[in-house]
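Here is how the chains run, residue by residue.
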Amino acid sequence: MISNSKQQWTVGQTVKVGFLTGLEVVAVVPTPGDSAPDAYILSRNQQLYSFVPHNGLSKVDVAEASAMIAAAKRHAEQQAAAALAKAAASARYADLVHELACA
């Protein structure tokens, strides 16, 4: 998420990118783990754009935008499943330590 900007980069807000004004933020596509900035799906006059800070603005169609959002959702679900598995393993380890300490 863009944080040090005078513009609000949240869904539903209108932003300006370069000389293009009146771009509405339709979706934020997080890119966790790869140290890349988040991508944004922007809309203006029935045209969709993909914007990545420092990489620029490009036109996309509905299928490309949907694919970007779906990929981000899949990645988030995979991370959530991995976190749950790690938490379960930690709980099992804590139970084992408790059993050994009480024995």
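For every chain, the first residue of its written sequence is number 1, and the numbers climb from 1 along that sequence. pLDDT decides what is reported in this predicted model: residues at 70 or higher carry local features, side-chain atom pairs at 80 or more are listed and counted, and totals for whole chains, interfaces and linings draw on all residues regardless. Computation of side-chain values: all heavy atoms of the structure, hydrogens and water removed.

Caption draft 1: Spatial organisation of the overall build of the protein chain. Summing up its helical and strand segments, the protein chain has 1 helix and 5 strands in all. Shown N-terminal to C-terminal, the secondary structure of the protein chain runs as helices and strands in the order β-β-β-β-β-α. Here the C-alpha radius of gyration of the protein chain, 20 Å, is well above what a compact globule of 103 residues would show, namely 13 Å. Projected onto its principal axes, the C-alpha coordinates of the protein chain cover approximately 70 × 30 × 20 Å. Evaluated residue by residue, the protein chain yields a buried proportion of 21% over its 103 residues. Charge assignment: positive for Lys and Arg, negative for Asp and Glu; neither His nor the chain ends contribute. Taken as the charge location is NZ of Lys, CZ of Arg, CG of Asp or CD of Glu. Once the 8 positive and 8 negative side-chain charges of the protein chain are each reduced to a mean point, those two points are 11 Å apart. For the purposes of this entry, the term helix denotes a DSSP run of H or I that reaches at least four residues, the term strand denotes a run of E that reaches at least two, and both are numbered from the N terminus. Atoms counted for the radius of gyration: C-alpha only. Globule rule: 2.2 Å times residue count to the power 0.38. The classification of residues rests on relative accessible area computed with a 1.4 Å probe and restricted to protein chains. Under 20% of the type maximum is buried, over 50% is exposed, and intermediate values are partly exposed.

Caption draft 2: Quick look at the pairing of strand β1 (residues 14–17). Alternating residues of β1 divide into V15 and V17, all buried, and T14 and K16, none buried. Here, a strand pair is defined by DSSP locating no fewer than two bridges between the strands. Of the pairings in the sheet, the one linking β1 to strand β2 (residues 20–29) comprises 3 bridges and is antiparallel in character. Each bridged residue has a counterpart across the sheet, and for V17 the counterpart in β2 is L20. The antiparallel hairpin formed by β1 and β2 contains 2 residues in its connecting segment, where G18 sits at a positive phi of about 60°.

Caption draft 3: Broad picture of unusual backbone geometry. In the Ramachandran plot, N45 falls in the positive-phi region, its phi being about 50° despite a non-glycine side chain. Of the residues examined, N45 reaches a relative accessible area of 68% and is grouped as exposed.

Caption draft 4: Looking closely at the pairing of strand β5 (residues 56–60). Pairing geometry for strand β4 (residues 47–52) and β5, over 5 bridges, is antiparallel. When the sheet's bridge partners are listed, L48 is paired in β5 with V60. Taking the residues that link successive antiparallel strands as the turn, the β4-β5 hairpin has 3 residues, and the phi of H54 there is positive, at about 75°.

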